[in-house]
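Spelled out from the first residue to the last, the chains are:
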There are 2 protein chains.
Amino acid sequence: MKAHIISIGDEILIGQIINSNSAWIGEKLSEINIEVVSISVVGDDEKQIKQEFQRTFDANDLVIVTGGLGPTHDDVTRKCVVDFFKTELVLDEDVLNDVKKFFEVRNRSLTKINEDQALVPKIATPIRNSRGTAPGFWIEKDNKIFVVMPGVPFEMKGMMESFVLPRLEEMNSEEKIILRKNLLTTGIPESYLYEKLGNIDELMDGNKLAFLPNQFGVKMRLNVEGRSKEEAQNKLDEIEQRIRSLVGRYIYGKDDEQLEEVIAKLMIDRGMKLAVAESCTGGLICSRITNVSGSSQFFERGVITYSNAAKVELLHVQEDAIQKYGAVSLEVCRQMAEGVKAISGIDIGIAVTGILGPSGATPTKPVGLVYIGLCDDKICTAKEFHFGDNRLLNKDRASQAALEMLRRHLLGIPYDD
Amino acid sequence: MKAHIISIGDEILIGQIINSNSAWIGEKLSEINIEVVSISVVGDDEKQIKQEFQRTFDANDLVIVTGGLGPTHDDVTRKCVVDFFKTELVLDEDVLNDVKKFFEVRNRSLTKINEDQALVPKIATPIRNSRGTAPGFWIEKDNKIFVVMPGVPFEMKGMMESFVLPRLEEMNSEEKIILRKNLLTTGIPESYLYEKLGNIDELMDGNKLAFLPNQFGVKMRLNVEGRSKEEAQNKLDEIEQRIRSLVGRYIYGKDDEQLEEVIAKLMIDRGMKLAVAESCTGGLICSRITNVSGSSQFFERGVITYSNAAKVELLHVQEDAIQKYGAVSLEVCRQMAEGVKAISGIDIGIAVTGILGPSGATPTKPVGLVYIGLCDDKICTAKEFHFGDNRLLNKDRASQAALEMLRRHLLGIPYDD
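Definitions and limits used
- Residues numbered from 1 in each chain as written.
- Chains lettered and ligands numbered in written order.
- Predicted model: local features only at pLDDT ≥ 70, side-chain atom pairs only at ≥ 80, totals over all residues.
- Heavy atoms only, no water.
- Helix = DSSP H or I, 4+ residues; strand = E, 2+ residues; numbered from the N terminus.
- Rg over C-alpha atoms; globule rule 2.2 N^0.38 Å.
- Buried < 20%, exposed > 50% of the residue type's maximum accessible area, 1.4 Å probe, protein only.
- Areas by Shrake-Rupley, 256 points an atom, 1.4 Å probe, with all protein chains shown as cover.
- Lys, Arg positive; Asp, Glu negative; His and termini not counted.
- Charge placed at Lys NZ, Arg CZ, Asp CG, Glu CD.
- Pairing = 2+ DSSP bridges.
- Axes fitted to C-alpha atoms, helices over the stretch in contact; angles between N-to-C directions.
- Contact = heavy atoms within 4.5 Å.
- Buried area = accessible area lost by both parts, 1.4 Å probe.
- Salt bridge = Lys/Arg side-chain N within 4 Å of Asp/Glu carboxyl O.
- Polar contact = N/O pair within 3.5 Å; in protein donor to acceptor, adjacent residues only side chain to side chain.
- UniProt positions renumbered as here; feature names shortened; annotations may be inferred.
- Phe/Tyr/Trp six-rings, centres within 6.5 Å; stacked < 30°, edge-to-face > 60°.
- Expected span 1.5 Å × (residues − 1).
- Patch = residues over 30% accessible without salt bridge, like charges linked within 9 Å, V, L, I, M, F, W, Y side chains within 5 Å.
- Domains from an automatic or database assignment.
- Disulfide = S-S within 2.5 Å.

### Regarding the overall build of chain A
So, step 1. Looking only at helices and strands, chain A has 16 helices and 17 strands in total.
So, step 2. Whereas a compact globule of 417 residues would reach a radius of gyration of roughly 22 Å, chain A reaches 28 Å, over 25% beyond that.
So, step 3. Judged by the C-alpha coordinates and their principal axes, chain A covers about 85 × 55 × 40 Å.
So, step 4. Looking at the 417 residues of chain A, the share that counts as buried comes to 57%.
So, step 5. Working note: accessible area of chain A is about 17,800 Å², and carbon and sulfur atoms make up 47% of it.
So, step 6. Charged side chains of chain A number 51 positive and 63 negative; the gap between the two group centres comes to 2 Å.

Encoded structure:
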């Protein structure tokens, strides 16, 4: 079943709201193996809306429309549905009761424009709205399905979950099963990853692999087809195994996992405690770690030593070392990691110092230069990194590299490239 | 000038990423009075992409395409551009130099597929990419404009700001002027703000005012029209003045300003230094402060005292107080602020302790309970807040409240509601 999603509303076109409805609907349809082939957004304009209905209903088996169903003058979707399907509005008693009850519960009196919301296109099965006043419409014609819902995400989601998705799932009993999985890598550029994987067609055996890079790493999205769930799962497992054998060391997680969640599991499993010393990342590493509920089980403390005085006073970094090598240096970074471990009396200390830009560069130390240090009871080391020139992205990159250094250390994977 | 925006990528169709690029581009085009009439999303499929190019280039004066320009096999946009415009790829020396430099700076060697990124469609003016390796394309044909950029938001935004928007603005000079301004408030709920503003129609004099709430506060978006830039600007100034006279104390900034930037200006202007002690916010306040370039001028240090031991050792909080009142209490919070100021020897210390959830609540201390403390040379105080039950949103809210408490303190505005 091929599907198209239409969002209606000027506010989306001018970027006042982000089209999160389409993303949510796309995800839910994918989960029941309905293929979303395209998405569109049009303004609150009758002519344009009707053209879009025509174009997309011609080309697809399913069209899902959201927005423009409210009671005010700029909501024209219902009128467009009536015109497009050459039908008329009729009063639906159930919907009228819903609307009346909605106002009763809220101790508000019903207005004429709210009452009019109980008028639904004759051709449609109304989709009751337990979370608002505007009903949705389910229309079947020419073996195709046309669904219209309000644009308010909470109302739309209620209708999708209670009415639309169950019906669609029942109707869409296809042969082909598609399974998806994301493998998350970091510390390796997209082009290197691509080369290490060799012949992609051979590797994927006719299935899809996409590379999605951002400042935290490269996401590999696997799309695997099978005639049954078992077949697809077996294929997916086999392909994942092959990929892991080639680039497994760079893979820190899967799907929506965050690196800090992976770290939390590893540390808690091992019963180990962590302390963090940050200079240039300014608290981002600690903040990411404490995003994880339960992080107090392994995260003991952090210090943000932005000034040299703080590095000396809190972490016992030698003033000599700062004089000789500079605050951004391998040696000071190593001492920071050593210091934060020592003052906390715990298992592992990590530290970051660097120049994230736009200012702060020197002739020998460019923007993007970052050192990351790690100390446990056996080793005390630091490593040099080079990132870009955007301050905020560099903070993300440096925090990710620090957490990845910790992950590889915990798992005994070398971090040498 | 009528515009259409196309985003390319399977990951948007299946809802793995939200189409924030289109929203951002839509907003920027609106600002220079270019009307975005529609938006679409298509998958990584050559046939579909070329069809969409044809359909939208026929119907509009401007088409902006993002996505599918990466170096790997699933990035097919460039090939589609070549086919659609019946042109060929030629090597661009400037772009090749950009790509080489990009890898040099990062101490990485150039691969063949990266080198190939310097091949651009002959019909296009390449748009240089200072933030990545794939160039964009600017194409003019039949008095229409066709722009192609990478889907990585940071790279796309760089190209839009440095190249695309200035060119478009020059080409597009219209009669009616619309000016937009955002006034940013925090520490007051939407409904209270609304009531304090009184009669909105009278206040806005036929112009638009929208309220956009999120966890950082409520954004008021003003849309003001005029027949000339001067007329619109005068109207906007007058309306802003009226709004500020009613709710000015809650307004911390405008447009895209962050509260941490406002704080940075205030602190640097006054030549004052800040130290921060965080428990529940786990480093987020320090991280936000250090997002601002130049924050080292006023931010001295931060400590993330997640454990009680750290509170006692680093901040000299009395163990008695923790025993008697609990780590989440007005008294411990006050002592944390006092302690971080004392150990740093600077002007102001702020501190946060609380229960952000989902776990950690006690019969007397619910999830969402947060204390924020502030000490300078004259006062040492703490205040109780109640937020919601979502951990990450609570971190945002608590960090915002702490920064707002500091802003009002610096400006002598009471924080009593």
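Now that the structure has been shown, we can carry on.
### Concerning the sheet that holds strand β9 (residues 177-185) of chain A
Residues and elements named next belong to chain A.
So, step 1. Taken together, the four strands give an open sheet; going across it, the order is β10-β11-β9-β12, and neighbouring strands pair in antiparallel fashion. The sheet is open, and its two borders are formed by β10 (208-214) and β12 (251-254), each paired with just one other strand. The mean inter-strand angle of the sheet, taken between neighbouring strand axes irrespective of direction, is 25 degrees.

### Examining the sheet that holds strand β13 (residues 274-278) of chain B
So, step 1. The 10 strands lie next to each other as β17(A)-β16(A)-β15(A)-β13(A)-β14(A)-β14(B)-β13(B)-β15(B)-β16(B)-β17(B), forming an open sheet whose pairing is mixed. Only two strands of the sheet have a single neighbouring strand rather than two, namely β17 (380-386) of chain A together with β17 (380-386) of chain B. Averaged over neighbouring strand pairs, the angle between their axes works out to 15 degrees when direction is ignored.
So, step 2. Two elements, strand β14 (residues 299-304) of chain A and strand β14 (residues 299-304) of chain B, share three bridges in a ladder whose sense is antiparallel. From the neighbouring strand, V303(A) faces β14(B), where its bridge partner is V303(B).
So, step 3. Packed on one face of the sheet, helix α13 (residues 308-315) of chain B meets β14 of chain A together with β13 and β14 of chain B and runs near 30 degrees to β14(A).

### Quick notes on the interface of chain A and chain B
So, step 1. The interface is formed by 78 residues belonging to chain A together with 74 residues belonging to chain B.
So, step 2. Taking both sides of the interface into account, the surface hidden between chain A and chain B amounts to around 5,900 Å²; carbon and sulfur atoms contribute 52%.
So, step 3. When the buried area of chain A at its contact with chain B is split by residue, L13(A), Y192(A) and Y306(A) rank highest and sum to 10% of it.
So, step 4. At the surface where chain A touches chain B, the tally comes to five salt bridges.
So, step 5. Salt-bridge contacts for R301(B) lead to E313(A); the nearest nitrogen and oxygen are separated by 2.8 Å.
So, step 6. The interface formed by chain A and chain B contains 32 residue pairs in polar contact (both at pLDDT 80 or more).
So, step 7. For the side of chain A that touches chain B, the leading source of residues is strand β2 (residues 35-42) of chain A, giving seven residues.

### Section: the side chain of N394(B)
All names here are of chain B.
So, step 1. In this structure, N394 sits in helix α16 (residues 391-411).
So, step 2. Take N394: its relative accessible area is 0%, and that puts it in the buried class.
So, step 3. In terms of polar contacts, N394 uses its side chain to reach the backbone carbonyl oxygen of L356, at 3.3 Å.
So, step 4. Non-local contacts of N394, meaning those with residues more than four positions away in its chain, are made with L356, V367, G368, F387, G388 and D389.

### Focus on the UniProt feature "coiled-coil region" (unreviewed entry) in chain A
So, step 1. In the UniProt entry, the feature "coiled-coil region" (unreviewed entry) is given for residues 222-249 of chain A.
So, step 2. Along residues 222-249 of chain A one finds 68% helix and 18% strand; the C-alpha atoms at either end are 18 Å apart.

### Observations concerning the packing of aromatic side chains
Residues and elements named next belong to chain A.
So, step 1. What the rule picks out here adds up to 27 aromatic pairs over all chains.
So, step 2. Centroid distance F53 to F146: 4.9 Å. Interplanar angle 80 degrees. Geometry classified as edge-to-face. Of this pair, F53 sits in helix α3 (residues 46-59) while F146 sits in strand β8 (residues 144-149), placing them 93 residues apart in sequence.
So, step 3. A residue is classified by how much of its surface remains accessible, and F146, at 0% relative accessible area, is buried.

### Some thoughts on unusual backbone geometry
All names here are of chain A.
So, step 1. A cis amide bond, omega -5 degrees, links G357 with the succeeding residue P358.
So, step 2. With respect to the helices and strands, the residue P358 is situated in the loop between β15 (348-354) and β16 (369-375).
So, step 3. Of note, D142 is a non-glycine position whose phi angle comes to about 55 degrees, a positive value.
So, step 4. Positionally, D142 belongs in the loop between β7 (136-141) and β8.

### Considering the environment of L89(A)
Residues and elements named next belong to chain A.
So, step 1. Structurally, the position occupied by L89 is in strand β4 (residues 89-91).
So, step 2. A sequence separation of 79 residues divides L89 from D10, and the C-alpha atoms of the two residues are 25 Å apart.
So, step 3. With sequence-adjacent residues up to four places away left out, L89 is seen in contact with R78, V82, L119, V120 and P121.

### Some thoughts on the pattern of salt bridges
Residue and element names in this part refer to chain A.
So, step 1. A complete count under the given rule lists 48 salt bridges over all chains for this structure.
So, step 2. For E238, the salt bridge is made with R242, and the minimal N-O distance between the two is 2.7 Å. Here E238 pairs with R242, and both are found in helix α10 (residues 229-247), just four residues apart, close to one helical turn.
So, step 3. Classification of E238 by relative accessible area gives partly exposed; the value is 46%.
So, step 4. Between R288 and E260 there is a salt bridge, and its shortest N-O distance comes to 2.7 Å. Of this pair, R288 sits in helix α12 (residues 284-290) while E260 sits in helix α11 (residues 259-270), and the two are 28 residues apart along the sequence.
So, step 5. Assessed through its relative accessible area of 7%, R288 is described here as buried.
So, step 6. A single network of salt bridges, built from pairs that share partners, joins E46, K50, K79 and D83.

### Describing α11(A)
Residues spaced three or four apart along an α-helix face the same direction, because each turn holds 3.6 residues.
All names here are of chain A.
So, step 1. With 12 residues, α11 ought to run about 16 Å at 1.5 Å a step, and its terminal C-alpha atoms sit 17 Å apart, in line with that.
So, step 2. Here α11 has its buried residues at L259, E260, V262, I263, A264, L266 and M267.
So, step 3. Against β12, β13 (274-278), α12 and α16 (391-411) lie the buried residues of α11.
So, step 4. With its phi angle positive at about 65 degrees, G271 sits one or two positions after the end of α11.

### As for a negative patch on the surface
So, step 1. The grouping of E27(A), D255(A), D256(A) and E261(A) at the surface amounts to a negative patch.
So, step 2. Within the secondary structure layout, D256(A) lies in the loop between β12 and α11.

### With respect to the domain arrangement of chain A
So, step 1. As assigned here, chain A comprises domain 1 (2-171), domain 2 (177-254) and domain 3 (259-411).
So, step 2. Computed over C-alpha atoms, the centres of domain 1 of chain A and domain 2 of chain A are 36 Å apart.

### As for the pairing of strand β16 (residues 369-375) of chain B
Residues and elements named next belong to chain B.
So, step 1. Of all the seven residues making up β16, seven are buried; the element is thus mostly covered by neighbouring parts of the structure.
So, step 2. On β16, burial covers both faces: L369, Y371, G373 and C375 on one face and V370, I372 and L374 on the other are all buried.
So, step 3. Sheet topology note: the strand β15 (residues 348-354)/β16 ladder contains six bridges and is antiparallel. Across the sheet, residue G349 finds its bridge partner in β16, namely C375.
So, step 4. For β16 and β17, the ladder comprises seven bridges, and the chain directions are antiparallel. Bridge pairing in β17 places L369 opposite H386.
So, step 5. Two successive antiparallel strands, β16 and β17, enclose a turn made up of four residues.

### Describing the state of the cysteines
Residues and elements named next belong to chain A.
So, step 1. Evaluated as defined, the whole model comprises two disulfides over all chains.
So, step 2. The disulfide partner of C375 is C380, and the S-S distance across this bridge is 1.8 Å. Judged by the sign of its S-S torsion, about 45 degrees, the cystine formed by C375 and C380 is right-handed.
So, step 3. Relative accessible area serves as the criterion here: at 2%, C375 is assigned to the buried category.
So, step 4. Between C280, a cysteine without a disulfide, and C333, which holds the nearest cysteine sulfur, the sulfur-to-sulfur distance is 8.7 Å.
So, step 5. For C280, a relative accessible area of 7% translates into the label buried.

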